[in-house]
Amino acid sequence: MSLPTEYSNLGFDPDALRNKYREERDKRLRDDANDQYVEVSGDFGYFVDDPYVEREEREPMDKEMHVLIIGGGFGGLMSGARFHEAGIKDVHFIEAGGDFGGTWYWNRYPGAQCDIESYCYLPLLEELDYMPKEKYSFAPEIYEHSQRIAEAYNLYENAIFQTKVTEMRWQEEDARWLVTTDRGDSLRPKYVVMSTGPLNRPKLPAISGIDEYKGHTFHTSRWDYEYTGGDHSGGLTNLADKRVAVIGTGATTIQAVPFVGKHAKELFVFQRTPSSVDERGNKPTDKEWAKTLKPGWQRERRENFNDMVIGRPVKEDMVKDGWTEIFRKLASMVPRDPAKKVTPEQAAEMAELADFQKMNGIRDRVDSLVSEEDTAEALKPWYRQFCKRPTFNDDYLPTFNLPNVTLVDTSETKGVERITAEGIETGGKSYKVDCIIFATGFEVGTAYTRRSGFEIYGQGGQSLTEYWADGLRTLHGFSSHGFPNCFQVGFSQNGFSVNLTSVLDDQAQHVAYLINEIDERGARYAQPSEEAEAEWVATIRRMAVANTAFFEACTPGYYNNEGYVSANRGLGAESYAPGANAFNKLLAEWRDDGELPGLELEKAPRPK
Ligand code: NDP
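Our subject in this report is the structure included herewith. Residue numbering note: each chain is counted from 1, following its sequence as written. Per-residue local features of the predicted model are confined to residues with pLDDT of at least 70, and side-chain atom pairs are confined, for both listing and counting, to 80 or more; whole-chain, interface and lining totals are unaffected and use all residues. Excluding hydrogens and water, the side-chain values take into account all heavy atoms of the structure.

This brings us to the overall build of the chain. Each helix corresponds to a stretch of at least 4 residues labelled H or I by DSSP, and each strand to a stretch of at least 2 residues labelled E; elements are numbered beginning at the N terminus. Of regular secondary structure, the chain possesses 19 helices and 22 strands. Over its C-alpha atoms, taken along the principal directions, the chain stretches across nearly 75 × 70 × 55 Å. Between buried and exposed lies partly exposed: a residue is buried under 20% and exposed over 50% of the maximum accessible area for its type, with that area taken using a 1.4 Å probe on protein chains only. Within the span of the chain, comprising 608 residues, buried residues form 56% of the whole. Every residue pair with non-hydrogen atoms within 4.5 Å of one another is taken to be in contact. The contacts of the chain with a sequence gap of at least 6 include a subset with a gap of at least 24, amounting to 72%.

As structure tokens, then:
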């Protein structure tokens, strides 16, 4: 049943937009999908060296411990904090960087800022009595907050920094994991918590000639301030005599480019797909408002945001920003009169119309901020808002009005064609540059080892890569059959929210419960039964059908497995479609059952 006539007067032609979106998607679809990227290892390994701290030498460790958390970003920090509260002792950390912070340790590029409102994003604000300085925090404040958490919960005590896991192997006789590292350590925890992050390993495009370039080069997640000069707040004065290329126009570039454009002699931004760039409108925290907040306010606010961004009805939009606007538009289309029933098909059509309206606004914004017509046209995104990570910035688009800044549209050739010793050749032109900055993102849809950097061998020596070859297989996203006492926190068949830290916090609390229950029941280890795991996978896939259809129509990117989304591939296909709040409710009911349904506990004594 199509929508009533009042919806046909919106001032645009939905069919024309649908066709345009499809055309722009098809133009970018590449046969090589994820294989268009190369791993940053071997000859490219230097791209991930830590530019922030000196390497400290130390003796290898040989140690048993109760819990080992792999990764010191917000997933690890929240696990550490919640385990501490739950009385779990002997918790160790292992982290490749020189401190806690994860993505905020690595990403120090100029202008780095969190797009999610700070009052939702920075965890433990009430517990630590901290109020962010602004509605949207800049990276240094977030990095400092991660250290505040580590200090408050005593997490530095057992933290092993500058160390990478090389392998994890299950030892059935001891019912422990043997975790080995690039420092020669042998760590033997009873439990492992994997918090290696969804966007942890930088990736590079496999552009022909990439290894021939003789100029300077780095990835945005390892910003080279020694080369550019300045710091996070700008002042990149060493670029004054440099011709610079930036490849990629995702969320990172949107924030960094205004600073590079301001200082470089010349800047070429190589774009394949434009980002949607909405208004930022940051503002300092209103101290009077902060005083009015009642205990429990942060959970209430982040749950409100989680519901808003999945389109669930709420009484009030507390955050009121560019993330939630589309759903406010949608809410205004739904008839107030409860007698006027809306079918699921009509609801989907209304959501699409609200999306068209929102994206028309984003495209109009380009026209209002960019003076040169062809450049403005090339900067307009033609896809639904959540096909790609929406971005928010007030300085990015006007940067293209500067005389030293050029946008190079590479959409017709599906990306940059060739890198030479001196620069970039694409679209029949060559660009000699002193420096190429790769803003080309992180490994998402690739094999498990490629994303984490190491392999996990479970019972019978089976590798997790093998076990997940046809897609993730977990119970509630936390654990897999054959990989006992190993818990994943992050995105793996659980409730998704763009506010990652809230998801990680809730997961950490559930894993704390699991560890305590397994210990209190005197079990050596626990793992999901094959049946429970299969049932959960089927639930995820069944509920992901609408998401899969949505992402299938999207322009390629890491949200949709580079355009090859299917029942078991792509971010959208692997999350619990009803969202983070519904997932938390499901977990709470599961805990209330008291019998750990679907988990098999191994209580047998150690074999002699
Ligand atoms: P992305 O993966 O979002 O962007 C990579 C960019 O590289 C894309 O524009 C991609 O184009 C482009 N690209 C890849 N290969 C080529 C090629 N051969 N030629 C030309 N262009 C190419 O990485 P980001 O680092 O920007 O962001 C990653 C994620 O990190 C974000 O999505 C977000 O989740 C997070 N982030 C969050 C921030 C926040 O505010 N909280 C800030 C910054 C990042 P195409 O789109 O066509 O594939």
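Picking up after the structure, the text goes on.
Right, let's talk about the packing of helix 9 (residues 297-308) against helix 16 (residues 500-520) for a bit. Axis definition: a line fitted to C-alpha atoms, over the contacting stretch in the case of helices. Angles run 0 to 180 degrees between N-to-C directions. Orientation of helix 9 relative to helix 16, taken along the N-to-C sense of each, is 115 degrees, at an axis distance of 11 Å. Handedness of the crossing formed by helix 9 with helix 16: left-handed. Residues Arg299, Arg302 and Asn306 of helix 9 form the contact with helix 16, whose own contacting residues are Ser502, Asp505, Asp506 and Gln509. Its residues assigned to classes, the contact of helix 9 with helix 16 comprises no nonpolar, three polar and four charged. For a crossing to be left-handed, the near helix must be turned anticlockwise from the far one by less than a right angle; the clockwise case is right-handed. Any residue that is not Ala, Val, Leu, Ile, Met, Phe, Trp, Tyr, Cys, Pro, Asp, Glu, Lys or Arg is counted as polar, Gly included; the first ten are nonpolar and the last four charged.

Below, the discussion takes up the site of the ligand. If you check the shell around the ligand, you find 26 residues, and the closest are Thr252, Arg272, Thr273, Lys388 and Tyr558. Note that an oxygen atom of the ligand is positioned 2.6 Å from one of the side-chain N or O atoms of Thr252. Polar contact criterion, stated in full: a pair of N or O atoms within 3.5 Å, where within protein one must be able to donate a hydrogen and the other to accept it, and residues adjacent in sequence count only if both atoms are side-chain atoms. A distance of 2.7 Å separates an oxygen atom of the ligand from a polar atom in the side chain of Tyr558. Considering the ligand on its own, with 920 Å² of exposed area, one finds that the protein chains cover 90% of that surface. The cutoff for a nearby residue is simple: one of its non-hydrogen atoms must lie within 4 Å of the molecule or strand. Only the protein chains shown count as cover for residues, and all accessible areas are computed by the Shrake-Rupley method using a 1.4 Å probe.

Below, the discussion takes up the sheet that holds strand 11 (residues 266-271). Sheet strands line up and pair through hydrogen bonds in the backbone, either parallel or antiparallel. Spatially, the five strands line up as an open sheet ordered 9-18-10-11-14, and their pairing is parallel. Here the strands that pair on one side only, and so sit at the sheet edges, are strand 9 (216-219) and strand 14 (405-409). Neighbouring strand axes in the sheet, compared pairwise and without regard to direction, differ in orientation by 15 degrees on average. For two strands to count as paired, DSSP must find a minimum of two bridges between them. Of the pairings in the sheet, the one linking strand 9 to strand 18 (residues 435-438) comprises four bridges and is parallel in character. Residue pairing in the sheet places His219 in a bridge with Phe438 of strand 18. Along the sheet, helix 7 (residues 251-263) makes contact with strand 10 (243-247), strand 11 and strand 14, crossing strand 11 at roughly 160 degrees.

Packing of helix 10 (residues 322-333) against helix 11 (residues 344-369) leaves a shortest axis separation of 9 Å and a crossing angle of 130 degrees. Of the possible angle classes, the one that applies to helix 10 and helix 11 is oblique. As helix 10 packs across helix 11, the resulting crossing turns out to be right-handed. Across the interface between the two elements, Gly322, Glu325, Ile326, Lys329, Leu330 and Met333 from helix 10 touch Met350, Ala351, Leu353, Ala354, Asp355, Gln357 and Lys358 from helix 11. When its residues are assigned to classes, the contact of helix 10 with helix 11 shows seven nonpolar, two polar and four charged. Note on angle classes: values under 35 degrees are labelled roughly parallel, values over 145 roughly antiparallel, values of 65 to 115 roughly perpendicular, and the remainder oblique.

The next point concerns the pairing of strand 5 (residues 165-171). Pairing geometry for strand 5 and strand 6 (residues 176-181), over six bridges, is antiparallel. By the bridge assignment for strand 6, Glu167 is matched with Thr180. Following strand 5, the chain reverses through four residues before pairing antiparallel with strand 6; Ala175 in that reversal takes a positive phi of roughly 50 degrees. Both strand 5 and strand 19 (residues 455-457) contribute to a ladder of three bridges, which runs parallel. Considered in strand 19, the bridge of Met168 is made with Ile456.

Any two rings among Phe, Tyr and Trp, with Trp reduced to its six-membered ring, count as a pair given centres within 6.5 Å; such a pair is stacked if its planes are under 30 degrees apart, edge-to-face if over 60, and tilted if neither. The full count for this structure, using the stated rule, is 33 aromatic pairs. Seen from their ring centres, Phe100 and Phe161 are 5.2 Å apart, and the 85 degrees between their planes marks the pair as edge-to-face. In this pair, Phe100 is assigned in the loop between strand 3 (91-94) and helix 3 (103-106) and Phe161 in the loop between strand 4 (159-160) and strand 5, connecting sequence segments 61 residues apart. Given a relative accessible area of 0%, Phe100 falls into the buried group. Their ring planes at 45 degrees and their centres at 5.5 Å tell us that Trp323 and Phe392 sit as a pair that is tilted. One end of the pair, Trp323, is in helix 10; the other, Phe392, is in strand 13 (residues 391-392), with 69 residues separating them in the sequence. Accessibility assignment for this pair places Trp323 and Phe392 in one class, buried. Connected via pairs of aromatic rings, a cluster forms that spans Tyr52, Tyr105, Trp106 and Tyr143.

Don't take any of this as a statement about function, it's just geometry.
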